[in-house]
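# Coordinate analysis (summary)
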Amino acid sequence: MQPLQQVWPEAIHEIPAELPNGRKFQPLFFLGAGKVLVSTESSFEKVDMLASYDLATGETKDLVRVITPANAELFASEFTAGSGVIAWTTARRAGDQLIAEIWTAPVTGGEASVLGSINDVKEAEGGAVHGLTVDGDAVYWSTGGTGGVWRLPLTGGVPAQVPGTEGYHMFDYPWVGKPAVYSRSSYADLLNVQSGETRTAVGNENEGWVCGLTRCVGDLPRESDGASLPAATTRLRDGSAQRTFPALSGGGHSLITMDRFTLLMINNPGGGTVGMALTDLVSGEVADLGLRPNADSSFSYHAFRSPDSDLYAYALKGKQIIVDLKAIE
């Protein structure tokens, strides 16, 4: 399998693993052409600063100091942007209640402030607020438990549930899904809350399948008796247009982003994972990321942040590798 840099050279940026000030950072998403929003941490998973990073020059500009509330139970997460603002969420404990707060700051930089709060939310895997999205004049998200999608105007106010979303959870606004509570990768049924359109995934009888807006990926046995290793297979939600990727497997560990790209594991015929491949489910092209097993044979990698991620970043040989997925034709 060819390495990433040979398959899609136009999409790859190799940058230092540290900012000019010596701090490690995490790329989040593109702010515009050639500029990436990055975060730094004061301690494990405790983001303290958002900055813009110029991929061409390496210039960094601090944008927003991220505040961690007193009695925080969940640090800043769910970073997203749109309509001129960056948004994120935190959660804090107040007595026996868990209170989630939605924060915003100008995308050009400035002071962060609380846009609104949700009292006594049900804590869910990955956070009390799930799938935070800025769209138009409001922010949207879903919560744990019975779900429901919520709306809060960018002018502030009291959050209100979007009608008809009970039992649904955020997929990629305006699309919401069910039945899974926490994982945006496994919604069998999707609903567009603006148009009313629905989509259903059929034929995914095996566990571990993940689905995007129009297509799914999972593992099917290579032989009818299932004796050989599984092979990653993609098909549309209606079960048509099936394509198989020999020597690769999905394992149900990764989102499909942009309804096109996913990460598949490179299998050793003798057993185990020997690498990870960025895979274009539409064209069938695959590229070896260059990641290899740890000394104890375990394997570490990051999944896509959301179903609309246009950036994939990972550390390799002392560098940060940035993949601009929009640059792949």
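Structural notes, computed from the coordinates.

Reading guide: rules and limits
- Residues numbered from 1 in each chain as written.
- Predicted model: local features only at pLDDT ≥ 70, side-chain atom pairs only at ≥ 80, totals over all residues.
- Heavy atoms only, no water.
- Disulfide = S-S within 2.5 Å.
- Buried < 20%, exposed > 50% of the residue type's maximum accessible area, 1.4 Å probe, protein only.
- Helix = DSSP H or I, 4+ residues; strand = E, 2+ residues; numbered from the N terminus.
- Contact = heavy atoms within 4.5 Å.
- Pairing = 2+ DSSP bridges.
- Core = buried A, V, L, I, M, F, W, Y, C linked by side-chain atoms within 4.5 Å.
- Axes fitted to C-alpha atoms, helices over the stretch in contact; angles between N-to-C directions.

### Re the state of the cysteines
Enumeration according to the criterion identifies one disulfide in this entry. With a sulfur-sulfur separation of 2.1 Å, Cys211 is cross-linked through a disulfide to Cys216. Given an S-S torsion of about 100°, the disulfide between Cys211 and Cys216 has right-handed geometry. On the basis of relative accessible area, Cys211 is assigned to the buried category, the value being 5%. The exposure class of Cys216 is buried, given its relative accessible area of 0%.

### Considering the environment of His302
Tracing the chain through its elements places His302 in the loop between β25 (286-288) and β26 (311-316). According to the relative accessible area criterion, His302 is partly exposed, its value standing at 48%. Excluding its chain neighbours within four sequence positions, the residues that come into contact with His302 are Leu263 and Tyr312.

### A few points about the pairing of strand β3 (residues 35-43)
Relative to β3, strand β2 (residues 26-32) is paired through five bridges, and the arrangement is antiparallel. Note that in β3 the partner of Phe29 across the bridge is Leu37. Both β3 and strand β4 (residues 46-54) contribute to a ladder of eight bridges, which runs antiparallel. Paired with Lys35 across the two strands is Asp54, which belongs to β4. In this structure, the hairpin formed by β3 and β4 is closed by a connection of two residues, where Glu45 is found at a positive phi of approximately 65°.

### Quick word on the nonpolar core
Of all hydrophobic cores here, the largest spans 22 residues; its most connected members are Leu4, Trp8, Leu278, Leu289, Phe304, Tyr314 and Val323. Excluding residues within four positions of it along the chain, Leu4 makes contact with Pro9, Ile12, Leu278, Ala287, Asp288, Leu289, Tyr314, Ile321 and Val323.

### Overview of the pairing of strand β5 (residues 60-65)
With five bridges connecting them, β4 and β5 associate as antiparallel partners. The residue bridging Met49 from the neighbouring strand is Arg65, located in β5. In this structure, the hairpin formed by β4 and β5 is closed by a connection of five residues, where Gly58 is found at a positive phi of approximately 80°.

### Side note on the sheet that holds strand β17 (residues 198-200)
As a general point, the strands of a sheet are linked pairwise by backbone hydrogen bonds and lie either parallel or antiparallel. Spatial ordering of the open sheet is given by β14-β15-β16-β17, a layout of four strands whose pairing is antiparallel. The outermost strands of the open sheet, each flanked by one partner alone, are β14 (169-172) and β17. Between one strand axis and the next, the sheet turns through 30° on average, direction left out of account. Note that strand β16 (residues 189-192) and β17 share three bridges and pair antiparallel.

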